[in-house]
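Descriptive structure summary
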Amino acid sequence: MRKKIVAGNWKMNMDLAEGLKFVGSIDKYFKEKPSKRALVILCPTFIHLAGASEILKHGKVALGAQNCSSEASGAYTGEVSAWMIKSTGAEYVILGHSERRTYYHEDDKLINKKTLLAINSGLKVIFCLGEQLTEREAGNHFLIVKRQLEEGLFNLTEEQMDKIVIAYEPVWAIGTGLTATPEQAQEMHKFIRDKVKEKYGNDCAKKLPVLYGGSCKPSNASEIFSKPDVDGGLIGGASLKKEDFAAIVEALL
Ligand code: PGA
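No experiment lies behind these values; they were computed from the predicted model shown.

This model, assessed by the stated rule, comprises 21 salt bridges. If you follow the salt bridges from partner to partner, you end up with Arg2, Arg193, Asp229 and Asp231 in one network.

Listed below in structure tokens is the structure:
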């Protein structure tokens, strides 16, 4: 059976003290109420990683970063490498998020470079893709997602694909309060799995977790998660409130 995952993407929120306090409360919650089926991952900012790793060390919650450099090391002022992230104890990194694609002009080629570097540094990648509203309205959403898959991921080996979690995040649903309907999510998740199957075979496609992201909250999570190709969620806004985040994790049980 596929791994079910709920990952919290904090984005650029919380200072050091607030963040570590929040990590502590999430750690405590899941130690007391471990999720039976879902892997819970927190993705705070870079400044939180080392401290969060210490807090989460003996707990039930995994840790990830939200980005990494496309270079391995050296004179790249302001950058943080995949290997540095790994050295904090984090296991995951989010790549290809639409906010990185849009605001920082990251294209498929760059995201692919980061993905390979992250995997080669021992991280697992939460690889985000999804179409803009205009692309969906024009009926191009499958084409866009196909391109993001092919150019961002499909030069990986089958072994490297084992380190990938895909997050389908329709851009029009991120932080907007609009969500894809469970049917729209299922349709795209199945499309993604079918493409992976064509390229890597059935075993790889069957194992691949495909998460949904975009205004996922306690009131809509269980309906979206009930779809056969939806294996959990990448949660932005609602991951900043313990009760909401916990309720979303529980929606997977
Ligand atoms: P949201 O963000 O849940 O706030 O819509 C999801 C994401 O960007 O990963």
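In this section: the site of the ligand. In the vicinity of the ligand lie 13 residues, with Lys11, His97, Glu169, Gly175 and Ser215 positioned nearest. One nitrogen or oxygen atom from the side chain of Asn9 is found 3.4 Å from an oxygen atom belonging to the ligand. A distance of 2.8 Å is found between an oxygen atom of the ligand and a backbone nitrogen or oxygen belonging to Gly237. With the chains in place, 95% of the 280 Å² that the ligand exposes on its own is no longer accessible. In the shell around the ligand, the residues fall into four nonpolar, seven polar and two charged.

What follows is about the packing of helix α5 (residues 108-120) against helix α7 (residues 141-152). Look at α5 against α7: their axes get within 8 Å of each other, and the N-to-C directions meet at 45 degrees. As far as their axial angle goes, α7 and α5 are oblique. Crossing of α5 against α7: the hand is right-handed. Taking contact as the criterion, the partners of Asp108, Asn112 and Thr115 in α5 are, on α7, Arg147, Gln148, Glu151 and Gly152. A breakdown of the residues in the contact of α5 with α7 according to their chemical character gives no nonpolar, four polar and three charged.

Another aspect to go through is the pairing of strand β4 (residues 92-95). Both faces of the sheet carry side chains from a regular strand, because those side chains alternate between them. Going residue by residue along β4, you find Tyr92 and Ile94 tucked away on one face and Val93 and Leu95 tucked away on the opposite face as well. For the handedness criterion, the β-α-β arrangement of strand β3 (residues 61-65), helix α3 (residues 82-87) and β4 is classed as right-handed. Here β4 runs beside strand β5 (residues 124-129); their pairing, made up of four bridges, is parallel. The partner of Leu95 across the bridge, within β5, is Phe127.

As for its placement among the helices and strands, Ser35 is situated in the loop between α1 (16-32) and β2 (38-43). There is a polar contact of 3.1 Å between the side chain of Ser35 and the backbone nitrogen of Ala38. Excluding its chain neighbours within four sequence positions, the residues that come into contact with Ser35 are Phe30, Val249 and Leu253.

Okay, the packing of α1 against helix α2 (residues 46-56) next. Packed helices, taken two at a time, are described by the angle their axes make and the gap between the axes. Packing of α1 against α2 brings their axes to within 10 Å, and their N-to-C directions diverge by 30 degrees. One way to sum up the angle between α1 and α2 is to call them roughly parallel. In terms of crossing hand, the pair formed by α1 and α2 is right-handed. For the pair α1 and α2, contact is made by Leu16, Gly19, Leu20, Val23, Gly24 and Asp27 and by Ile47, His48, Gly51, Ala52, Ile55 and Leu56, respectively. Per-class residue counts for the contact of α1 with α2 are seven nonpolar, four polar and one charged.

A few words now on the sheet that holds β2. Strand order around the closed barrel formed by eight strands is β1-β2-β3-β4-β5-β6-β7-β8, with parallel pairing between neighbours. Geometrically, the sheet is characterised by an average inter-axis angle of 30 degrees between neighbouring strands, direction not taken into account. Note that β2 and β3 share three bridges and pair parallel. For Val40, the partnering residue across the bridge sits in β3 and is Val61.

This part is about α7. The end-to-end C-alpha distance of α7 is 16 Å, a good match for the 16 Å that twelve residues give at a rise of 1.5 Å each. Turning to α7, its buried residues are His141, Ile144, Val145, Gln148, Leu149 and Gly152. Buried residues of α7, viewed axially, fall in a sector of 135 degrees; they line one side. Residues of α7 that are buried make contact with α4 (98-103), α5, β5, α6 (133-137), β6 (164-168) and α9 (182-200).

Located in the positive-phi region is Lys11, a residue other than glycine, with phi close to 55 degrees. Within the element layout of this structure, Lys11 appears in the loop between β1 (4-9) and α1.

Attention now goes to the nonpolar core. In this structure, Val93, Leu153, Ile164, Ile166, Ile192, Tyr212 and Phe225 are the most contacted members of the largest nonpolar core, which totals 64 residues. Residues Ile5, Val165, Ala167 and Leu234 belong to the second largest nonpolar core, which totals 13 residues.

The next subject is α5. Compared with the 18 Å implied by 1.5 Å per residue over 13 residues, the 18 Å span of α5 between its first and last C-alpha is a close match. Trailing α5 by a residue or two, Gly122 shows a phi angle of about 95 degrees, which is positive.

Conventions and cut-offs
- Residues numbered from 1 in each chain as written.
- Predicted model: local features only at pLDDT ≥ 70, side-chain atom pairs only at ≥ 80, totals over all residues.
- Heavy atoms only, no water.
- Salt bridge = Lys/Arg side-chain N within 4 Å of Asp/Glu carboxyl O.
- Near = heavy atom within 4 Å.
- Polar contact = N/O pair within 3.5 Å; in protein donor to acceptor, adjacent residues only side chain to side chain.
- Areas by Shrake-Rupley, 256 points an atom, 1.4 Å probe, with all protein chains shown as cover.
- Nonpolar A, V, L, I, M, F, W, Y, C, P; charged D, E, K, R; others polar.
- Axes fitted to C-alpha atoms, helices over the stretch in contact; angles between N-to-C directions.
- Helix = DSSP H or I, 4+ residues; strand = E, 2+ residues; numbered from the N terminus.
- Parallel < 35°, antiparallel > 145°, perpendicular 65-115°, else oblique.
- Left-handed = near helix turned anticlockwise from the far one by under 90°.
- Contact = heavy atoms within 4.5 Å.
- Buried < 20%, exposed > 50% of the residue type's maximum accessible area, 1.4 Å probe, protein only.
- Right-handed = clockwise from strand over helix to strand, strands pointing away.
- Pairing = 2+ DSSP bridges.
- Expected span 1.5 Å × (residues − 1).
- Arc of directions from axis to C-beta.
- Core = buried A, V, L, I, M, F, W, Y, C linked by side-chain atoms within 4.5 Å.

On their own, these measurements won't tell you what the molecule is for.
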